[in-house]
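Each chain, letter by letter, is given below.
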Amino acid sequence: MALLHTEEPVSAAAHLCVFLLITSAWMAVPGPVRCDSGVLNRRGGEDRTFDMGGGDGGTSPGLPTDGDEEAVGAESSPRFRRALSREKQMTLLSSSFVLKGDATHNQAMVHWTGENSSVILILTKYYHADSTKVLESSLWRSTDYGTTYSKLNLMPGTTIVVTSFYICPKNKKKVVLVGSTINERDQMLFISTDEGSSFQRQSIFFNPDTLIFHPKEEDKLLAYCKDGRLFASIDLGRKWTLLQERVTKGKVFWSVSDVDVDPDLVHMEMQDTSGGYLYVTCLIQNCSDKMVTAQFLGKIDHNSLLVQDNYIFVKVTTGNPTKHYVSYRRNEFVQMRFPKYALPKDVQIVSTDENQVFLALQEWYQSDTYNLYQSDPQGIYYSIVLENVRSTKQPEENVLIDILEVHGIKGVFLANQKINGKVTTLITYNKGQNWEPLVPPTTDMNGKPNSCKAPDCQLHLHLRWADNPYVSGTVHTKDSAPGLIMGAGNLGSKLVEYKEEMYITSDCGKTWRQVFEEEHHILYLDHGGVIVAIKDTSIPLKILKFSIDEGRTWTIHNFTSTSVFVDGLLSEPGDETLVMTYRKVISNMCEGGLNKQHSTKQHNCPLLPPKGLQVGIKGQMLAVAPGDDITFIVHQQEGDTGSTRYQVDLGDGVWAIYQNLTVTDDHIQHRYKNPGVYKVTVKAENMAGQDEATMYIQVTAPLQEVHLEVVPIIGRNHEVNLTAIVLPTEANLSVFYWWLGDNQRPTLTLQSSLLTRFPETGEVSVTVQASNGRSMVQDTRTVRVYDNFQVIPLSFSTSLDNFNPNIPEWREDIGQVVTKILIKTTGVPLESLVTVVKPGLPTTADLYVLPLDRKPAKTSMFIDKRIPAIIRAFNGNNVSFVVRGGLQVLVMLADPNAGLGLIANDSTDTAAVTGYHGVVGGPGFWALAVIFSISIITGSFILYKFKRKLPGSRNVYAQMHNEKEQEMTSPINHSEDTQHIIQGEEFIDDDLDSQTLGSHSGVVLNINSRELHSYLTS
């Protein structure tokens, strides 16, 4: 069925055109489906093969001969065989009906009420965008599949505006309409149990925004209101009970069958009195504050609750970086474990089918792409399955990710991958374990050989969703037509946005054929046995195309004699969309204030000036986070309100003028996008006088974490900068408390840094606390103060910058790797080397060489051999490690020709020496020569022993601790291909251990996630 309107309005009427497809002597029945083995059976065991030729003409369907079938079977495997003889033709009937009097209506909701039912309901509405209200509506009902319609009169003598209707998913004969009188004074429901043949009117005392039917029990309903109140009914909306207030919109879920014990359980996200958000559950019979159960200990992020199948997801940012939690089959919540440096900016759940979570995660370095991850059965541990899936930002912060689940067959997904600006389409048949490109057709739509050949040329599809609920997106799949996929796209090396040729596959993406040169809306009927196509265009049409051989041949049908604009298509029961708006009106009393027991009517009161004007925030919150929903409440103690204008200035450039503001429940709702302090002003004015009220609101993000940046090695009495890095970075209005050593009185600053000196050597504890109006966080570091030490500036291969998330944990781990490699290549003791990676880009570091704890009594004979060994290691390019993708990173001297810096505390603050060359020419020269001679002999012996232990190999391995591995990876198996090598720095441990093969051995870090081992390879 199609929703249509004529090119030019005729007799002030809107046209509805309905076409019926009827097959003769043939009915398809869905059968078992498999895609992994290349065999697809979806016709109750009867295989079918079809002619590979295509066409776009206006002739009758060309059915293949037996010879054609044999040729096809030999070419493509006997996947389908014709079960419909040439004589068994399909009949196509069309009819149209004029909905008189609805020419001004600009919205329509269509519902085919149920299987084996001829009843169709259509609700047409005039939605006024400026007032966000439905001003008119008409309800039409057909009992003959849409051939004719009758207009329903719900309340004779009274004009009713119906804003939406809801169909019970368990029993589609039960219908609930939401409406009101034309002046919005009376809110009501209209309840039907016979597919709209009759309705019972039920008055209600609240303004429903959304109705939610129970998925299993047909008379149970939830009603959510704009003001956050949640109601429940157990008798199909005849009686209602208030469950809770301050409930988050869209975050209400009925119990899940076979998972939740009680079917009357409701999951919800609600706001507590302090302004935070909680995940709670209750039974609809008793959901008072005392009976509500908090299922997650602590507050959760606003709008983060998701209940889906076996899993419940929440996220938390208060006091820490954002953490994501999951509960499997209602067990305790456990933090979801992503690779260490994934650092998710956003997480979107894609699928929870087959006891596994499939999600898209946007990492710190991504802006228009996401990475796909899959989990273990409990949804705790995650491994990456596909990188850089394209995403698009939508209005109101919505995100569309180019991944599409193919209906009808589990585990099949299509995804568009974007690398270096190039978008390509991939398909998986095992839920992401393996991905492959779409094989291009061997011939074009006219049967000629195709010049597009893999791997240089592939098929690519647009994976967009449709804005119109009555048309599908650019890819068409259906549960009742397994294996059939139709999509719009192009052939080539990448996806081209303006190319929308239509392609079809009947074997779940193994082979494809082109069917049209332009994009079409598609309907699958009779389990895919009939396909209807109508061109996606902005010009009027009067033809459609249909195929009964899976798109190999098409027949053109004129469904109307007058060209019409096609607004939408409907093929099976169950489609509807909802648009609703409400407002409650309360009577205005002459003496001021509210009286909800009185009905709305005009009062002739003397005009009084406004006095005692007050403005506040619901919940008494004066500090909120950016993006929080804030409700301002205006109260006026005295004076007229009906004729008073209220000018509201919210301080961020948004202002508005309201009439009769203080006597309605329509409070001022707003969101501040940016942090800051905003002055909110409300001015009330009428002919008798004016008044003004002002308040200040602090908008600041809750502090998640503070990290103290301080060089761990400091010279005594040298000036040092202590810096506090606060997350989120846009947080402001913070006060910093600095605690140094044993000092009991902190130093307070408004800046995030402090300059200070340490007069004594030894270890000193430094703590910083950051506080704002919503939270407090702290961090502690220990610094070591020395009289003297040496500093060697280092640099890295520029490729490392691409893997640098510029966070303290990553810098610390890279510093530990460099230190451990130096220890193994030079033999320098661990306690005398510290590598500090500096913030920012390009990535650089300082190597601190600390003084030895003990020195020989005769200092004139002592030669520090550590510096020459370190210099040789760097000059020999022996310090390197491997990051994700097998990329080797070389660590080098920042300036190989520069001298080494010596920090000393004697007669001068700082002295510079020229490295180990400074010892040459003195009395210790001969002693040095003797020491070197001995070391050469000893070194040869050590190398010989290593070669005896490891014959023919230059690789030495060091296993990490299991406790670190569990934090950073999942137990999911991977192949041993290089594509599954996880980023090396994710598995860095404090206790790295490897062996030295000599000063010419390059040490490399390599990680394989399947083994769950981390190695240093020389």
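Below: a short report on this structure.

Thresholds applied
- Residues numbered from 1 in each chain as written.
- Predicted model: local features only at pLDDT ≥ 70, side-chain atom pairs only at ≥ 80, totals over all residues.
- Heavy atoms only, no water.
- Core = buried A, V, L, I, M, F, W, Y, C linked by side-chain atoms within 4.5 Å.
- Buried < 20%, exposed > 50% of the residue type's maximum accessible area, 1.4 Å probe, protein only.
- Helix = DSSP H or I, 4+ residues; strand = E, 2+ residues; numbered from the N terminus.
- Contact = heavy atoms within 4.5 Å.
- Phe/Tyr/Trp six-rings, centres within 6.5 Å; stacked < 30°, edge-to-face > 60°.
- Axes fitted to C-alpha atoms, helices over the stretch in contact; angles between N-to-C directions.
- Parallel < 35°, antiparallel > 145°, perpendicular 65-115°, else oblique.
- Nonpolar A, V, L, I, M, F, W, Y, C, P; charged D, E, K, R; others polar.
- Expected span 1.5 Å × (residues − 1).
- Pairing = 2+ DSSP bridges.
- Disulfide = S-S within 2.5 Å.
- Salt bridge = Lys/Arg side-chain N within 4 Å of Asp/Glu carboxyl O.

**As for the nonpolar core**
Nonpolar side chains in soluble globular proteins tend to be buried together. Membership of the largest hydrophobic core comes to 31 residues, with the highest contact counts inside it found for Leu 794, Phe 796, Phe 874 and Phe 881. At the level of secondary structure, the elements contributing two or more residues to this core comprise strand E61 (789-796), helix H2 (808-826), strand E62 (833-837), strand E63 (844-849), helix H3 (866-875), strand E64 (880-883) and strand E65 (887-893). The greatest single-element share of this core, amounting to seven residues, is contributed by H2. Ignoring any residue separated from it by four or fewer positions in sequence, one finds Phe 796 in contact with Ile 814, Val 818, Val 837, Thr 843, Thr 844, Ala 845, Phe 881, Val 889, Leu 890, Val 891 and Met 892.

**A word on the packing of aromatic side chains**
Tallied over the full model, the rule gives 17 aromatic pairs. On the numbers, 4.1 Å between centres and 10° between planes, the contact of Phe 206 with Phe 231 is stacked. In this pair, Phe 206 is assigned in the loop between strand E11 (200-204) and strand E12 (208-213) and Phe 231 in strand E14 (residues 230-233), connecting sequence segments 25 residues apart. For Phe 206, a relative accessible area of 1% corresponds to the buried category.

**Description of the packing of H2 against H3**
The interhelical angle for the contact between H2 and H3, taken along N-to-C directions, is 105°, at an axis separation of 10 Å. In terms of their interaxial angle, H2 and H3 are classed as roughly perpendicular. Taken together, the residues of H3 that come into contact with H2 (itself represented by Leu 822, Thr 825 and Thr 826) are Ala 869, Ile 870, Ala 873 and Phe 874. Class assignment for the residues of the contact of H2 with H3 results in five nonpolar, two polar and no charged.

**Quick look at H2**
If you check H2, its first and last C-alpha atoms are 27 Å apart, about what 19 residues at 1.5 Å a residue would give, namely 27 Å. The buried fraction of H2 is high, at 16 of 19 residues. Once H2 ends, the next one or two residues include Gly 827, with phi positive near 80°.

**Quick word on the sheet that holds strand E41 (residues 555-558)**
Sheet strands line up and pair through hydrogen bonds in the backbone, either parallel or antiparallel. Strand order in this open sheet of four strands is E38-E39-E40-E41, and the pairing throughout is antiparallel. Unpaired on one side and paired on the other, strand E38 (520-525) and E41 mark the two borders of the sheet. Adjacent strand axes in the sheet meet at a mean angle of 25°, parallel and antiparallel pairs treated alike. Of the strand pairs in this sheet, strand E40 (residues 543-547) and E41 are connected by four bridges, and their pairing is antiparallel. Paired with Ile 543 across the two strands is Asn 558, which belongs to E41.

**Some points on the pairing of strand E17 (residues 265-271)**
In terms of residue burial, E17 counts as a mostly covered element, since seven of its seven residues are buried. One ladder, built from four bridges, connects strand E16 (residues 247-254) with E17; its direction is antiparallel. Counterpart to Val 247 in the pairing with E17 is Met 270. Where E17 meets strand E18 (residues 277-283), seven bridges bridge the pair, whose relative direction is antiparallel.

**Topic: the state of the cysteines**
Under the criterion given, the structure shown has two disulfides. Across a sulfur-sulfur distance of 1.9 Å, Cys 282 and Cys 287 are joined as a disulfide pair. Here the disulfide of Cys 282 and Cys 287 is left-handed, its torsion about the S-S bond being about -85°. On the accessibility criterion, Cys 282 (3% relative accessible area) is buried. Note that Cys 452 is cross-linked by a disulfide to Cys 457, the S-S spacing being 1.9 Å. Taking the torsion about the sulfur-sulfur bond, which here is approximately -105°, the covalent link between Cys 452 and Cys 457 counts as left-handed. Here the two residues Cys 452 and Cys 457 agree in accessibility, since each one is buried.

**Quick word on the pattern of salt bridges**
Under the counting rule described, the total for this entry stands at 20 salt bridges. Here Arg 716 and Asp 787 are joined by a salt bridge, their closest N and O atoms 2.6 Å apart. Note that Arg 716 is positioned in the loop between strand E54 (713-715) and strand E55 (720-727) and Asp 787 in the loop between strand E60 (776-786) and E61, a separation of 71 residues in sequence. In this structure Arg 716 comes out as partly exposed when scored by relative accessible area, which is 24%. Put simply, Lys 174, Glu 218 and Asp 219 are held in one network by salt bridges that share partners.

**Thoughts on unusual backbone geometry**
Across the junction of Ala 454 and Pro 455, the peptide omega takes the value 5°, indicating a cis bond. A cis geometry characterises the amide bond from Leu 841 onward to Pro 842, with omega recorded as -5°. Position of Pro 842 among the secondary structure elements: in the loop between E62 and E63. Backbone geometry places Arg 330, a non-glycine residue, at a positive phi of 65°. Here Arg 330 shows up in the loop between strand E22 (323-328) and strand E23 (334-335). One non-glycine residue, Asn 355, lies in the positive phi region at around 60°. Structurally, the position occupied by Asn 355 is in the loop between strand E24 (346-351) and strand E25 (358-362).

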